[in-house]
Amino acid sequence: MADAPLFDRLCLLGVGLIGSSIARAAKARGDIARTVVAHAKTPATLERVRELGIVDVVEPDAAKAVQGADCVIFCVPVGAYAEVGAVVAPHLKPGAIVTDVGSTKGSVVRDLSPLLPAGVHLVPAHPMAGTEHSGPDAGFAELFEGRYCIVTPLPDSDPAAVEKVREFWRRCGSMIETLDPATHDKVVAIVSHLPHLIAFTICSTADDLAEETKEAVLKFAASGFRDFTRIAASDPTMWRDVFLNNREALLEMLARFTEDAHALGRAVRWGQAEYIEDRIRRGRKIRRGLIERKQA
Ligand code: NAP
């Protein structure tokens, strides 16, 4: 027999790739929430979510959407948390859990903590799952299966609320890890934010060059460049917000990367074959490690 639903009323603030994937997972499993309420910013998204039939209630008013919810999940770009948080905070049910899926965690604590009334439990989290697509049509119920979800509780987070958030992600199929927000932000800066920064940059560089080469660069882009273009197809608002809200960690990783890239460039200039080979071998080793961990 299926477990009883974890939440009575689950509210999703934002129903794009991540929010709509949660909605679909909740619908598919039946043991996540009795009722799922969704809110988005634009009438077009609200209408599309209604058409898709992936939630029980579509609510255009954020304040009304959170009323009576025992769990509220922020699934909006991290730059919108303060604005949305200010609207919903006075309407949260006493004892409610507020959690999120944002790609940065220090900013979430900074933006939401001061707004939440006493007795409401903040437990930030970040599912390490995604695609380059966005919007309610992009989601799918299996998105989180076999992927890590990093929960970043605060020192004074209520243990029962933390356990509920962990159980929620377990039911979505994720493997749970716990980190403090600062460590999380450092780790994702290297594994996710810097690769996106590089992908966006390499595509702009190639685009500039394509003008000089009369399109030849884009025409023959099938080799390594193509993999960068997939990452670079990601949502501009989401990634603008991620960069601006993980500024310090991202700039630190970018500085380290730039030093290492210059060192490799120097080895190329001076014909240091051994150094070049060593760097390539390290890349292969990391790839093998990912395959062994089934995260490739
Ligand atoms: P998305 O597909 O672009 O969806 C964003 C959703 O937020 C849309 O429903 C949008 O509504 C809504 N929204 C934006 N601003 C709002 C506001 N001011 N008030 C109310 N709703 C608002 O984005 P996503 O990829 O699902 O990302 C959502 C969150 O997940 C972000 O914080 C991101 O950092 C995190 N995340 C993303 C990925 C990924 O790979 N995409 C992975 C892990 C975590 P409208 O459509 O009406 O504008």
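Residues numbered from 1 in each chain as written. Predicted model: local features only at pLDDT ≥ 70, side-chain atom pairs only at ≥ 80, totals over all residues. Heavy atoms only, no water.

A closer look at the site of the ligand
So, point 1. In the region of the ligand, 28 residues are neighbours, and Thr42, Thr45, Val76, Ser103 and Gly135 sit closest.
So, point 2. Ile18 is positioned with one of its backbone polar atoms (N or O) 2.8 Å from an oxygen atom of the ligand.
So, point 3. A distance of 3.5 Å separates an oxygen atom of the ligand from a polar backbone atom of Thr131.
So, point 4. Compared with its free state, where it exposes 900 Å², the ligand has 88% of that area covered by protein.
So, point 5. Residues of the shell around the ligand, tallied by class, amount to 14 nonpolar, twelve polar and two charged. (Near = heavy atom within 4 Å. Polar contact = N/O pair within 3.5 Å; in protein donor to acceptor, adjacent residues only side chain to side chain. Areas by Shrake-Rupley, 256 points an atom, 1.4 Å probe, with all protein chains shown as cover. Nonpolar A, V, L, I, M, F, W, Y, C, P; charged D, E, K, R; others polar.)

As for the domain arrangement of the chain
So, point 1. Domains assigned within the chain are domain 1 (7-180) and domain 2 (183-292).
So, point 2. The partner domain 2 presents 16 residues to the 19 residues of domain 1 that form the contact.
So, point 3. Summed over both partners, the interface of domain 1 with domain 2 buries about 1300 Å², with 59% contributed by carbon and sulfur atoms.
So, point 4. Here domain 1 and domain 2 share one salt bridge between them. (Domains from an automatic or database assignment. Contact = heavy atoms within 4.5 Å. Buried area = accessible area lost by both parts, 1.4 Å probe. Salt bridge = Lys/Arg side-chain N within 4 Å of Asp/Glu carboxyl O.)

Observations regarding the sheet that holds strand β6 (residues 121-123)
So, point 1. Reading across from one edge, β3-β2-β1-β4-β5-β6 is the order of the six strands in this open sheet, with parallel pairing throughout. A strand with exactly one partner marks an edge of an open sheet, and here the two such strands are β3 (57-58) and β6.
So, point 2. In the sheet, strand β2 (residues 33-39) pairs with β3 via two bridges, with the strands oriented parallel. Bridged to Val37 within β3 is Val57. (Pairing = 2+ DSSP bridges. Helix = DSSP H or I, 4+ residues; strand = E, 2+ residues; numbered from the N terminus.)

Description of the nonpolar core
So, point 1. One finds Leu10, Ile22, Ile73, Phe168 and Trp169 to be the most contacted residues of the largest nonpolar core, which totals 41 residues.
So, point 2. At the level of elements, β1 (7-13), α1 (17-29), β2, α2 (43-52), β4 (71-74), β8 (148-151) and α6 (159-171) are the ones that each hand at least two residues to this core.
So, point 3. Broken down by element, this core gets its largest block of residues, six residues, from α1.
So, point 4. Those residues in contact with Trp169 that sit more than four places away from it in its chain are Ile22, Val101, Ala125, Pro127, Phe144, Cys149, Ser174 and Ile176.
So, point 5. Counting residues in hydrophobic clusters, the runner-up holds 24 residues, among them Leu13, Val37, Val76 and Val88. (Core = buried A, V, L, I, M, F, W, Y, C linked by side-chain atoms within 4.5 Å. Buried < 20%, exposed > 50% of the residue type's maximum accessible area, 1.4 Å probe, protein only.)

Considerations on the side chain of Ser107
So, point 1. Within the secondary structure layout, Ser107 lies in helix α5 (residues 106-112).
So, point 2. Residue Ser107 is classed as buried on the basis of its relative accessible area, which comes to 3%.
So, point 3. Separated by 2.7 Å, the side chains of Ser107 and Thr104 make a polar contact.
So, point 4. Non-local contacts of Ser107, meaning those with residues more than four positions away in its chain, are made with Val78 and Asn245.

Points about the packing of aromatic side chains
For any two aromatic rings, the description comes down to two numbers: the centre-to-centre distance and the angle of the planes.
So, point 1. Inspection of every chain in the model, using the stated rule, returns seven aromatic pairs.
So, point 2. Seen in terms of ring centroids, Phe7 and Phe168 are 6.2 Å apart; in terms of plane orientation they differ by 50°. Their pairing is tilted. Remark: Phe168 occurs in helix α6 and Phe7 occurs in strand β1; sequence separation between them is 161 residues. As far as the burial class goes, Phe7 and Phe168 line up, both buried.
So, point 3. Between Trp239 and Phe243, the ring centres sit 5.9 Å apart and the planes meet at 65°, which makes this aromatic pair edge-to-face. With Trp239 and Phe243 both in helix α10 (residues 236-245) and four residues apart, this pair spans about one turn of that helix.
So, point 4. Look at Trp239 and you get buried, because its relative accessible area is 7%.
So, point 5. Put simply, the rings of Phe7, Phe144, Phe168 and Trp169 pair up and form one aromatic cluster. (Phe/Tyr/Trp six-rings, centres within 6.5 Å; stacked < 30°, edge-to-face > 60°.)

Considerations on the sheet that holds strand β9 (residues 175-178)
So, point 1. Strand order in the open sheet made by the three strands is β7-β8-β9, with mixed pairing throughout. Single-partner strands in this sheet number two, and they are β7 (125-127) and β9. With direction set aside, neighbouring strand axes in the sheet form an average angle of 20°.
So, point 2. Note: β7 against β8, three bridges, orientation antiparallel. Within β8, the position partnered with His126 by the bridge is Ile150.
So, point 3. Relative to β9, α6 is tilted by about 150°, and along the sheet it contacts β7, β8 and β9. (Axes fitted to C-alpha atoms, helices over the stretch in contact; angles between N-to-C directions.)

Some thoughts on the packing of helix α7 (residues 181-212) against helix α9 (residues 224-232)
So, point 1. Direction vectors running N to C along α7 and α9 enclose 115°, while the axes themselves pass 8 Å from each other. Classed by the angle they form, the pair α7 and α9 counts as roughly perpendicular. In the crossing of α7 with α9, the sense of the turn from one axis to the other is left-handed. Of the residues in α9, those in contact with Pro195, His196, Ile198, Ala199, Phe200, Ile202, Cys203 and Ala206 of α7 are Phe225, Phe228, Thr229, Ile231 and Ala232. (Parallel < 35°, antiparallel > 145°, perpendicular 65-115°, else oblique. Left-handed = near helix turned anticlockwise from the far one by under 90°.)

As for the pairing of β1
So, point 1. Across the seven residues of β1, five count as buried, placing the element largely inside the fold.
So, point 2. Two elements, β1 and β2, share six bridges in a ladder whose sense is parallel. Paired with Leu13 across the two strands is His39, which belongs to β2.
So, point 3. For the crossover from β1 across α1 to β2, the handedness is right-handed.
So, point 4. Direction of pairing for β1 relative to β4: parallel, over a ladder of four bridges. In the sheet register, Cys11 faces β4, and the bridge partner there is Val72. (Right-handed = clockwise from strand over helix to strand, strands pointing away.)

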